[in-house]
Each structure stands twice: as structure tokens, then as C-alpha cells.
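Descriptive structure summary
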Amino acid sequence: MAKDYSEDQLIQRSAAELLEKELGWTNLYAFDKEVLGVNGTLGRTSYHEVLLAGRFRKALKTLNPWLTDKQLQEATERMTEHMSSQTLMQINEQKYQYIKDGVPVTRVKPNGETEEVRAKVIDFSSPEKNDFLCVRELWVYGALYHRRADIVGFVNGLPLLFMELKNHDVEVVDAFNKNYRDYLDTIPQLFYHNAFIMFSNGLEARVGTIDSKWEFFHEWKRLTEQEAGSIELPTMLRGICKKENFLDLLENFILCQDISTQPPVFGSEPGCGEIS
């Protein structure tokens, strides 16, 4: 059955259309449309999967033509595997280092010895060489529960952006307290690679990183210093999700502190916004 559009779905659709029509992201609606399978809508074989393996391998091969099929599989496994003893924050930090510095793969040298080399995951210097995709109403299955994310933003198949959107008359903090915290518990794999968390009711928007307390989620008020400032969702999307801005923030403004005591944080240069 098709889902009826309430006000929050209209906000969601408007956000996705801005990403698509103005910022150049591909926009897909998955709620009752996704077909599973390697050749399906997103290439997922299970609703438990959050990394889009087909898109990820295609991007890897484009950015690293020297990769063999075996190395592509190894890179995919490195980006999806984790130890059961790792916390969410430890997994997230490890995946972030792969995203920023390259994912390790094994190369056999002419003398038969092996060495570890890095394969580029994202081309930070050329945004147009990367695959930007936003998916609305994405089903994700956890160990016990099923959840549906409003918007997930993927770059080269990696779920780097999570958005929870509410009605105009709902406080933005409710997205944090009533939805996001639940998602962290029930579908933690959605946040293994995550870089940016956004909450909005259309009129107000906040952005932060995983495991941050609510007070560390901030507004993005202006695109230039000359602007009067607006805390509405379109301002944040234009400021953060413009492709070159998104990659710049991802590469240069995320700091992984001591994960035993602090969550990753990111900030911005004066004039870009008010995040830090």
C-alpha cells in the first residue's frame, strides 16, 4: 500500500527534491518500491545491509583502476566487518579512517611477498567523480526490530548522512529523543560509517555527529557572512550538502578524539556556518 503524505513526508520530499534538483544528488524513494537483489533497486540482498556494495565497488574500481576482483572483495569486507567487542564509536572511527585515508587491501609484489596498500574510497578533490545518492524511507532491519529512516545520504555507497524529519508543529529535539536514540539501539549498523546527523521540522534544523549530546547539535544559519541568517532546513542543506562542501567537511572538519571519553566532533571555518 502506498504511504499517505502527511506534513512530515512533504518536508521529507521537499528536502530530497532540493538535494536532487539543486545540489545534484540522485533521489530514490524506497518505502514500498525497493526490490532486493544484486540487480535490484539499491543492490541490497537483505534489509540488514546498509552499505550499498554494488555502488561501493563500482566507485572503488573507478577511483582505483588497478584493483583486482579479489581486492575489491577485500575492500568491501574491510568496510563492513567489525569485531563484536567494538563499540559503535570504535567502529565509526575505524571506518572514518578508511574513508579519509583509503581502505587497506593486500597486494602481491613481483617477488611473491605481500604488502598492504590503500585504495581511495572518495575523491575529495573532484566531487563530480563521486556518486551522491539520497534514499527516502529506507527500511533497515536490526537483530530484533525493523526501522525506516526518513532520508539516508550515500556517497559511493557509504551511508554518511542521516536525516530525521518531523512535522512543523513538533519540536526538533523530539527527533533526537524519540527516534534517533531508538535507532542507535535497534539499527546501529546504519551509523557505522555515518559522518553527519541532521534533525529538522522544516522551520528549524540541527546538525551533529553520532553519540553527541543534544546540546552539541547546532544550527547552520547562513551561506555567506552577508546574509541575515536562517535556521530553516534548506539553509542547512545548501550549506552542508553542496557536494564540494560535504566532502570538505568530511575530509577536513571531523576530529576523532579519545573515543573512550569523547564523540567525534566537527566544526567549520568562520563564515561557513555555526557548527563548532
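Residues numbered from 1 in each chain as written. Predicted model: local features only at pLDDT ≥ 70, side-chain atom pairs only at ≥ 80, totals over all residues. Heavy atoms only, no water.

**Here's the deal with the overall build of the chain**
The number of helices and strands found in the chain is 7 helices and 10 strands. Counting across all 276 residues of the chain, residues that qualify as buried make up 51%. A separation of at least 24 residues holds for 63% of the contacts in the chain among residues at least 6 apart in sequence. Of the roughly 13100 Å² of accessible surface on the chain, 48% is carried by carbon and sulfur atoms. (Helix = DSSP H or I, 4+ residues; strand = E, 2+ residues; numbered from the N terminus. Buried < 20%, exposed > 50% of the residue type's maximum accessible area, 1.4 Å probe, protein only. Contact = heavy atoms within 4.5 Å. Areas by Shrake-Rupley, 256 points an atom, 1.4 Å probe, with all protein chains shown as cover.)

**Quick word on the packing of aromatic side chains**
Enumeration over the complete set of coordinates arrives at 20 aromatic pairs. Consider the rings of Phe 176 and Trp 214, whose centres lie 5.7 Å apart with planes at 50°: the pair is tilted. With Phe 176 in helix H5 (residues 172-186) and Trp 214 in the loop between strand S8 (205-208) and helix H6 (233-240), this pair connects stretches of sequence that are 38 residues apart. Each of the two residues, Phe 176 as well as Trp 214, counts as buried. Taken together, the aromatic side chains of Phe 162, Phe 176, Tyr 180, Tyr 183, Phe 191, Phe 199, Trp 214 and Phe 217 make up a single cluster linked through ring pairs. (Phe/Tyr/Trp six-rings, centres within 6.5 Å; stacked < 30°, edge-to-face > 60°.)

**Quick look at the environment of Ala 59**
Within the fold, Ala 59 resides in helix H2 (residues 53-63). Taking the C-alpha atoms as reference, Ala 59 lies 7.9 Å from Ile 122; in sequence the two are 63 residues apart.

**Some thoughts on the pattern of salt bridges**
Note that side chains of opposite charge can pair when their charged atoms are close. One pass over the structure, following the stated rule, counts 14 salt bridges. Arg 78 is the partner of Glu 116 in a salt bridge, and the nearest nitrogen-oxygen pair spans 3.5 Å. A residue pair is termed long-range when its members are at least 10 positions apart, and Glu 116 in strand S3 (residues 114-119) and Arg 78 in helix H3 (residues 69-80) qualify at 38 residues. In this structure, the salt-bridge partner of Lys 242 is Glu 244, at a minimum N-O distance of 3.6 Å. Lys 242 sits in the partly exposed class, given a relative accessible area of 39%. Residue Glu 244 is classed as partly exposed on the basis of its relative accessible area of 39%. What you see here is one network of salt bridges that share partners, running through Glu 204, Arg 206, Glu 219 and Lys 221. (Salt bridge = Lys/Arg side-chain N within 4 Å of Asp/Glu carboxyl O.)

**A closer look at the packing of H6 against helix H7 (residues 243-252)**
Running from N to C, H6 and H7 point in directions that differ by 70°, and their axes come no closer than 6 Å. If you check the angle between H6 and H7, you find them roughly perpendicular. Residues Arg 238, Gly 239 and Ile 240 of H6 touch H7, and the partners they reach there are Asn 245, Phe 246 and Leu 249. Classifying every residue of the contact of H6 with H7 gives 3 nonpolar, 2 polar and 1 charged. (Axes fitted to C-alpha atoms, helices over the stretch in contact; angles between N-to-C directions. Parallel < 35°, antiparallel > 145°, perpendicular 65-115°, else oblique. Nonpolar A, V, L, I, M, F, W, Y, C, P; charged D, E, K, R; others polar.)

**A look at the packing of H3 against helix H4 (residues 88-101)**
Helix-helix packing is characterised by the crossing angle of the two axes and by the distance between the axes. Axis separation between H3 and H4 bottoms out at 9 Å; the angle between their running directions is 140°. It follows that H3 is oblique to H4 by the angle criterion. Together, Arg 78, Met 79 and Thr 80 of H3 and Lys 95, Tyr 98 and Ile 99 of H4 make up the contact between the two elements. Classifying every residue of the contact of H3 with H4 by side-chain character gives 3 nonpolar, 1 polar and 2 charged.

**Describing H7**
Among the residues making up H7, those that are buried are Lys 243, Phe 246, Leu 247, Leu 249 and Leu 250. Buried residues of H7, seen end-on, are gathered within an arc of 160° and therefore sit on one face of the element. (Arc of directions from axis to C-beta.)

**A short note on the nonpolar core**
Soluble, globular proteins show a tendency: their nonpolar side chains are buried together. Cys 241, Phe 246 and Leu 250 are the most contacted members of the largest nonpolar core, which totals 52 residues. When sequence neighbours within four positions are dropped, the list of residues in contact with Cys 241 reads Leu 19, Leu 23, Trp 25, Leu 161, Met 198, Met 236 and Phe 246. Core analysis: the second largest hydrophobic core is formed by 27 residues, Ala 30, Val 140, Phe 176 and Tyr 183 among them. (Core = buried A, V, L, I, M, F, W, Y, C linked by side-chain atoms within 4.5 Å.)

**Brief notes about unusual backbone geometry**
One non-glycine residue with positive phi stands out, namely Glu 137, at about 55°. Residue placement: Glu 137 occurs in strand S4 (residues 132-141). Of the residues examined, Glu 137 reaches a relative accessible area of 1% and is grouped as buried. One non-glycine residue, Asp 211, lies in positive phi territory at about 70°. Tracing the backbone shows Asp 211 in the loop between S8 and H6.

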